[in-house]
Amino acid sequence: MSRFLDEKYASLDAYVPGEQPQDKKYIKLNTNESPYPPPPSVAEAAAKAAASLQLYSDPECCELRRLLADELGVGAENIILSNGSDEALNFAFMAFSGGGVTFADVTYGFYRVFADLHRLQSHIIPLRADFTLSPDDYVDKGSLIVIANPNAPTGLVISLDDVEYIVKSNPRAVVLIDEAYIDFGGDSALPLIKKYDNLLVVRTFSKSRSLAGARLGYAIAQAGLIEDLNKIKYSTNPYNVNSMTLAAGYAAIKEKEYYTRANKDIIAVREMTAKRLRDSGFEVLPSNANFIFTKYPGFDGKMLYTSFKEAGILVRHFPGPRTSDFIRVSIGRKEEMDTFINTAVSIVKK
Ligand SMILES: *Cc1c(COP(=O)(O)O)cnc(C)c1O
């Protein structure tokens, strides 16, 4: 830290992304990326767009927004595109947090960081002992409510009825449902958008569209909320999505079959992995995402993380009273998960 940093940021604990080590080749199961590359048409579209990089990208993202809107059965005015969904989350934390923000104690770590960055009053609500969320804890909070569904790093979901109950019981505030993993399980809140003017759904191309490196996310809501988010966007970074990413996203939406099959594979490998781990004595939370959250009796999560790393496999460990026994393991290709499971068994049998 230099002596010039504004003191309001001095004590901020920034988000710590999963490691992307360059020193050697690991089986990388630590950041919930897709194990499959995007189809060739996506890279081709991005390369073609690269030929016109002297021009600014379309700040309104018209073509991609139109296509995505048709795909989702909403209007183009119901969508804002963002530089990864993290940016959409940041915009929402800026726009709708006048009354503070409410989120669970075990959830996506960036919510805490955005709350601290914008110096918001945070209401952190513990999940139940089994990591499920109690909807009654979220009634009429008078603050922005942020819920990841499926949740990270647990992989657990809440039902559409519970989402609606929370949205309906918070007429004074925005309820943000972060659906980063919705293509791997759970029911989307999208059908509720037409009915509720306080619901904001945030999604990403990073996980189920194999585009983590392109940085493309979006938010869906009634036009009023989207207008508010645009106000923040045009006050910070009007060209927030670059032209190569716009082209890649457009091509990706056209490749529905490829992604349907890839995501189905990931789900099948997830279930196979969970079953074999349970058969070997691991506890595995029922996952609706492209990762699993698991622990082994008598083992500390940090210890497991280190043993896997020594064996050339990267997983994620989250320190903290409720999560430190666990590791989060992204679902890789079948062969990678075979190696992971064999390694897991040899670590705990030693
Ligand atoms: C990965 C993730 C995001 C962020 O994804 P982007 O790459 O910024 O689109 C947002 N929310 C949750 C819960 C995530 O796991």
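About the criteria used
Residues numbered from 1 in each chain as written. Predicted model: local features only at pLDDT ≥ 70, side-chain atom pairs only at ≥ 80, totals over all residues. Heavy atoms only, no water. Helix = DSSP H or I, 4+ residues; strand = E, 2+ residues; numbered from the N terminus. Buried < 20%, exposed > 50% of the residue type's maximum accessible area, 1.4 Å probe, protein only. Contact = heavy atoms within 4.5 Å. Areas by Shrake-Rupley, 256 points an atom, 1.4 Å probe, with all protein chains shown as cover. Lys, Arg positive; Asp, Glu negative; His and termini not counted. Charge placed at Lys NZ, Arg CZ, Asp CG, Glu CD. Near = heavy atom within 4 Å. Polar contact = N/O pair within 3.5 Å; in protein donor to acceptor, adjacent residues only side chain to side chain. Nonpolar A, V, L, I, M, F, W, Y, C, P; charged D, E, K, R; others polar. Pairing = 2+ DSSP bridges. Axes fitted to C-alpha atoms, helices over the stretch in contact; angles between N-to-C directions. Core = buried A, V, L, I, M, F, W, Y, C linked by side-chain atoms within 4.5 Å. Domains from an automatic or database assignment. Buried area = accessible area lost by both parts, 1.4 Å probe. Salt bridge = Lys/Arg side-chain N within 4 Å of Asp/Glu carboxyl O.

A few words on the overall build of the chain. Per the secondary structure count, the chain includes 11 helices and 12 strands. Each of the three principal axes of the chain carries a C-alpha extent, and together these read 55 × 50 × 50 Å. Scored against the burial criterion, the 350 residues of the chain give a buried share of 54%. A separation of at least 24 residues holds for 72% of the contacts in the chain among residues at least 6 apart in sequence. A total accessible area of about 16200 Å² is found for the chain, and carbon and sulfur atoms account for 52% of it. The centroid of the 40 positive side-chain charges in the chain is displaced by 3 Å from the centroid of its 43 negative side-chain charges.

Attention now moves to the site of the ligand. Every residue lining the ligand is accounted for by G84, S85, D86, Y108, D178, A180, Y181, T204, S206, K207 and R215. At a separation of 2.6 Å, a nitrogen atom of the ligand approaches a polar side-chain atom of D178. Residue T204 places a side-chain N or O atom 2.5 Å away from an oxygen atom belonging to the ligand. Burial of the ligand by the protein chains amounts to 92% of its free accessible area of 380 Å². No other element matches the 3 residues that helix α4 (residues 84–95) contributes to the shell around the ligand. Its residues placed into classes, the shell around the ligand shows 3 nonpolar, 4 polar and 4 charged.

Another point: the sheet that holds strand β10 (residues 291–295). Ordered in space as β9-β10-β12, the 3 strands form an open sheet in which the pairing is antiparallel. Edge positions in the sheet fall to β9 (283–284) and β12 (327–330), since each of these pairs with one other strand and no more. In this sheet, β12 lies alongside β10 in antiparallel orientation, the contact comprising 4 bridges. Counted as the bridge partner of I292 is V329 from β12. Helix α9 (residues 256–279) contacts β9 and β10 of the sheet and is inclined by roughly 10 degrees relative to β10.

This brings us to the nonpolar core. Counting residues in hydrophobic clusters, the biggest one holds 54 residues, and the most contacted among them are L81 and L199. The element that contributes the greatest number of residues to this core is helix α8 (residues 243–253), accounting for 6 residues. For this core, the two domains that each supply at least three residues are domain 1 (7–37 + 256–349) and domain 2 (40–253). Contact partners of L81, with chain neighbours within four places excluded, come to C61, L64, R65, L68, L216, G217, Y218, N240, V241 and L246.

Position of S34 among the secondary structure elements: in the loop between β1 (27–28) and α2 (40–50). Classification of S34 by relative accessible area gives buried; the value is 17%. Note: C-alpha distance between S34 and L117 (83 residues apart in sequence) is 29 Å. Setting aside its immediate chain neighbours within four residues, S34 contacts K207, S210 and I266. Within the structure, the side chain of S34 is placed 3.0 Å from the backbone nitrogen of Y36, a separation counted as a polar contact.

Moving on to the domain arrangement of the chain. Domain boundaries assigned for the chain yield domain 1 (7–37 + 256–349) and domain 2 (40–253). In this structure, domain 1 and domain 2 have C-alpha centres spaced 24 Å apart. Contacts between domain 1 and domain 2 engage 31 residues on the former and 37 residues on the latter. Of the roughly 2600 Å² buried at the junction of domain 1 and domain 2 (both faces included), carbon and sulfur atoms supply 61%. A per-residue breakdown of the area domain 1 buries against domain 2 is headed by Y15, Y259 and R322, which together make up 28% of the total. Across the domain 1-domain 2 interface, the total number found is 2 salt bridges. Its salt-bridge partner being E71, residue K256 comes within 3.1 Å of it at the nearest N-O pair. Summed over the shared surface of domain 1 and domain 2, the number is 13 residue pairs in polar contact (both at pLDDT 80 or more). Elements represented by at least two residues in the side of domain 1 that touches domain 2 include exactly α1 (7–10), α9 and β10. Looking at the side of domain 1 that touches domain 2 element by element, the count peaks at 6 residues for α9. Counted by class, the side of domain 1 that touches domain 2 contains 16 nonpolar, 8 polar and 7 charged residues.

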